[in-house]
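Structural overview
Here's the letter readout for the chains.
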Amino acid sequence: MLAPQQHWWNIPPPMVPSPEHKQRVGIFTGGGIAPGLNAVLSTAAKVLKESGHEVLGIPEGWKGMLEVRPDIVNLTRMSRRELHDLMSTGGTTLRSSRTKIREEQYAAVAEAVRGYGLTGIIAIGGDDTLGQARALHEQGIVQAIGVPKTVDNDVFGTDRTFGFETACDRAAGVIRDMRTDAESMTRVAIVEVMGRNAGWITLHGGEAGGADITLIPEFPIDEDTLIKRVQEVFSEQGADGKPANAAVIAISEGYFGDDKNETDAFGHGKMRGAAQRLAEVIKRKTGIGTQEQVIGYHARNGAPAAHDAIFASRLGAYAGTLASQNTYGRMVALRDGQITDVPLSEVAGGRYVTDDFYDPVTMTMRLVPKKLQHAITI
Ligand code: F6P
């Protein structure tokens, strides 16, 4: 582990190995894509390459660790320029998959590790990908470093995941634009936002995009209370004394739960239909017209915003440095504004919105911390 005073800006130069200590590190991306994946690959590879190690890009996440694949990418061969160009591109150049490694497949992974000649791996992924990295590391099958990734921002152990800010920007843009529809057509615009069971993107995107009401899975609101709030917002008078006659609602895709008829390898159901379901309730109970807009994959496709490109680059460089120092069993994380590393064994469960961040009464982001609110209202 890096000493506590060693942050990303003062990490010592990676250890230059003697030939017999040269490592071959495998790196891969698992789970859904997030803007910034290629930046992590790029800088981890740069650091490892500059410190004399080899970096193999393993295709399709854990799937590529089940057998020796001919389509590996030797990232060490890429020039400084090529690696830098990779940084600001979207998706993942190594491709990704949601592959669950069952215990009876551990032997196959061990065989692939031997076949590839890997010293260790850098796994870039969310809860599922990193949970498997942790298990295989603890079983002694492959030593691993984790880099948390997901637009959902719900990985436990880190204050932020890369891709999240880009997704919030995209969500905010659509939510903002939907007000033009709501105001011009006298109706309620309902924007459905990614995030599975975590409401972070909806909350941040909703606030930044000016949503009147934000609905997240962590805080289900009683139907009558919600309808009352919609009517209040719709009829709220502006400075000219006229009612708004419009409302914009941001709703998480997971607000009503998932669709268990279509599940992935980890048993997560497809998220769909939240905006439509809400629209039906509003129409039925108020008679007001509605229009749904599903942001869907637009939130996580395409190039990272500058913030995420830089953030992801720093995470990748940090992970590459840990690997070059032969320090495995760690997850790179953002804690209190600093990039640091925590035990991989801490990867567990998710990280969800609490009432420190959400106010179920106004149904929007809590902007004044709860601990100060008391002082402000008296
Ligand atoms: O977990 C990230 C995420 O983008 C969720 O927000 C979304 O529900 C899910 O992935 C979609 O996954 P898939 O790519 O498997 O359809």
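Notes on the structure in this doc start here. Here, residues in each chain are numbered from 1, in the same order as that chain's written sequence. Under the rules for a predicted model, residues below a pLDDT of 70 receive no local features and side-chain atom pairs below 80 are neither given nor counted, while totals for whole chains, interfaces and linings still include all residues. The side-chain numbers reported here are obtained from all heavy atoms of the structure, hydrogens and water having been left aside.

Every helix listed is a DSSP run of H or I at least four residues long, and every strand listed is a run of E at least two residues long, numbered separately from the N terminus. Within the protein chain one finds 10 helices and 15 strands. Dimensions along the principal axes, computed over C-alpha positions, put the protein chain at roughly 80 × 45 × 35 Å. By residue count, 53% of the 378 residues in the protein chain fall in the buried class. In this analysis, two residues are considered to be in contact whenever any of their non-hydrogen atoms come within 4.5 Å of each other. Contacts spanning at least 24 positions in sequence make up 74% of the contacts within the protein chain whose residues lie at least 6 apart. Per-residue and other accessible areas follow the Shrake-Rupley method at a 1.4 Å probe size, with only the shown protein chains counted as cover for residues. With the model as given, the accessible surface of the protein chain reaches about 16,300 Å², and the carbon-plus-sulfur share is 50%. Only four residue types enter the tally: Lys and Arg on the positive side, Asp and Glu on the negative side; His and the chain ends are excluded. Here the site of a charge means NZ on Lys, CZ on Arg, CG on Asp, or CD on Glu. Side-chain charges of the protein chain comprise 40 positive and 46 negative groups, with the mean position of each set lying 3 Å from the other. Burial here depends on accessible area, computed with a 1.4 Å probe over protein chains only, as a share of the maximum for the residue type. Under 20% is buried, over 50% is exposed, and the range in between is partly exposed.

Bringing the sheet that holds strand β8 (residues 247-252) into the picture now. At least two DSSP bridges between two strands are needed for those strands to be called paired. Overall, parallel pairing links the 4 strands, which are arranged β7-β8-β6-β11 in an open sheet. Here the strands that pair on one side only, and so sit at the sheet edges, are β7 (213-215) and β11 (290-294). Within this sheet the neighbouring strands show an average axis-to-axis angle of 20°, counted without direction. The strands touched by helix α5 (residues 164-185) are β6 (188-193), β8 and β11; relative to β6, the strand with the most contacts, the crossing angle is about 165°. As a rule, the C-alpha atoms of each element are fitted with a line to give its axis, helices using only the stretch in contact, and angles between N-to-C directions run from 0 to 180 degrees.

Turning our eyes to something else, we now look at a nonpolar patch on the surface. Among the surface-exposed residues, Leu367, Val368 and Leu372 lie close enough to one another that they form a single nonpolar patch of about 260 Å² accessible area. Looking at the element boundaries, Val368 is found in the loop between β15 (364-365) and α10 (370-377). To count toward a patch, a residue needs a relative accessible area over 30% and no salt bridge; like charges are then connected within 9 Å, while nonpolar side chains (Val, Leu, Ile, Met, Phe, Trp, Tyr) are connected within 5 Å. One side-chain nitrogen of Lys or Arg within 4 Å of one carboxyl oxygen of Asp or Glu is enough to make a salt bridge.

Let's shift gears to the site of the ligand. All residues adjacent to the ligand are Arg98, Thr150, Val151, Asp152, Met194, Gly195, Arg196, Glu253, Lys270, Met271, Tyr297 and Arg300. Take Lys270: an N or O atom from its side chain is 3.0 Å from an oxygen atom of the ligand. Two N or O atoms count as a polar contact when they lie within 3.5 Å, although within protein this holds only if one can serve as hydrogen donor and the other as acceptor, and sequence-adjacent residues are included solely when both atoms are side-chain atoms. Within the side chain of Arg300, one N or O atom sits 2.7 Å away from an oxygen atom of the ligand. Relative to its unbound accessible surface of 400 Å², the ligand loses 82% to contact with the protein. Split into classes, the residues belonging to the shell around the ligand amount to 4 nonpolar, 2 polar and 6 charged. Each of domain 1 (4-162 + 303-346) and domain 2 (167-299 + 354-377) gives at least three residues to the shell around the ligand. Working definition: residue near molecule or strand if any one of its non-hydrogen atoms lies within 4 Å of it. Each residue is assigned to one class: nonpolar for Ala, Val, Leu, Ile, Met, Phe, Trp, Tyr, Cys and Pro, charged for Asp, Glu, Lys and Arg, and polar for all the others, Gly among them. Domain boundaries shown here were taken from an automatic or database domain assignment.

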